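Survey of secondary and tertiary structure
Listed here are the chains, written in short residue letters.
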Amino acid sequence: MKKRNRLYTLSLAVCTSLLLALPAAGTNRGNVSILVEGVPLNTAGTAYITSGGLTMVPLRAVSEALGFTVTWNGSTRTVSITTGEVPVLSGVVVLDPGHGGSSAGASFGGVDEKDLNLSIARQAASLLEQTGLTVLLTRADDRDVGLYDRTAFASLQKADLFVSVHCNASVTNPAAKGIYTAAYSQETPGWTLAEALGQSMVQSTGAFDLGVDQRPDLAVLRTAKMPAALVECGFMSTPEELALLLQPDYQAKLARGIADGIISCLTPGA
Ligand SMILES: [Zn+2]
């Protein structure tokens, strides 16, 4: 088992290490045999040696034989190899980084909410793309986007889910902390999404759980034609929580939680 683990580490760190670690032999197209842990891999003509002498082996076949999950994102031309069980999903998710441009959102300690929202949403998007989902952002940079334009964009893109990403602030409670999610009402499919998001975000961050709320007053929840939820990642008005929200590690946990909540709602049979 030790040997297996070492090979996994190598292959994750540098792909060429994996290729070198595998015994490959042959001189022509179709004449390269690959053994993975002693077992011949059926690569049927896809492994070959180039005219320049490079040995080419199919990444997917080798990675999957080693127990990894491989996903391909055609729009960013990115292959993702992961050790965990990544579900393979299809569908369109729209993530909506709250505010932007002239709308900063909450602003504390020189930090604008719009920037935190964008950073967290971008990271969640890249995690979701690893499952094969198409993930679109209502804004990919710091710009004004109208509230109605956000959900109109989701409708135009035929989104299966819509999640708006925000950070909270309290004017009355300087010690307010925790993760809060919202949907239009308990009767809408967005409620299940909001519950799943709250659960997974609390799990990934260890933050206080402020539960799910009905927010028919929020335009993005009211106008979304698909299951929609809004997440508040923490309180910028509370200095300790603002410090956490600025930490790359904590943002990564929030993004993981958002991605997991969405994945749980899109996984067949879940
Ligand atoms: Zn906001």
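Calculation criteria
Residues numbered from 1 in each chain as written. Predicted model: local features only at pLDDT ≥ 70, side-chain atom pairs only at ≥ 80, totals over all residues. Heavy atoms only, no water. Helix = DSSP H or I, 4+ residues; strand = E, 2+ residues; numbered from the N terminus. Buried < 20%, exposed > 50% of the residue type's maximum accessible area, 1.4 Å probe, protein only. Contact = heavy atoms within 4.5 Å. Areas by Shrake-Rupley, 256 points an atom, 1.4 Å probe, with all protein chains shown as cover. Core = buried A, V, L, I, M, F, W, Y, C linked by side-chain atoms within 4.5 Å. Donors = N, O, S within 2.8 Å, 3.2 Å for Na, K, Ca; no water. Tetrahedral: all angles 85-135°; square planar, octahedral: opposite > 155°, others 65-115°. Expected span 1.5 Å × (residues − 1).

A count of helical and extended segments in the protein chain gives nine helices and 15 strands. Across the 270 residues that make up the protein chain, the buried fraction comes to 43%. A fraction of 67% describes how many contacts in the protein chain between residues 6 or more apart in sequence connect residues 24 or more apart. Roughly 13600 Å² of accessible area belongs to the protein chain as shown, and the carbon and sulfur atoms make up 55% of that amount.

We now examine the nonpolar core. Counting 40 residues, the largest nonpolar core has L95, L128, L197, C233, I258 and I262 as the members making the most contacts within it. When contributions to this core are tallied by element, the ones reaching two or more residues are β8 (92-97), α4 (113-129), β12 (161-168), β13 (179-183), α6 (190-205), β15 (228-235), α8 (239-246) and α9 (248-266). V94, A154, L221 and M226 belong to the second-largest nonpolar core, a separate cluster that totals 14 residues.

Here the focus is the coordination of the zinc ion. Looking at the metal site, the zinc ion is ligated by H99 (NE2), E113 (OE), E113 (OE) and H166 (ND1), spaced 2.1 to 2.8 Å from it. Considering all four donor atoms around the zinc ion, angles at the metal cover 51 to 142° and the coordination shape is irregular. In the primary sequence, the donor residues of the zinc ion line up as H-x13-E-x52-H. With H99 in the loop between β8 and β9 (107-108) and H166 in strand β12, this residue pair connects regions lying 67 residues apart in the sequence. Residue class for H166 comes out buried when judged on its relative accessible area of 12%.

Attention shifts here to α4. With 17 residues, α4 extends 24 Å between its outermost C-alpha atoms, agreeing within 8% with the 24 Å of an ideal straight helix rising 1.5 Å per residue. Burial within α4 is extensive, with 12 of its 17 residues counted as buried. Looking at α4, one finds that the buried residues are E113, K114, L116, N117, L118, I120, A121, A124, A125, L127, L128 and E129.

Any functional reading would require information that these geometric values do not contain.
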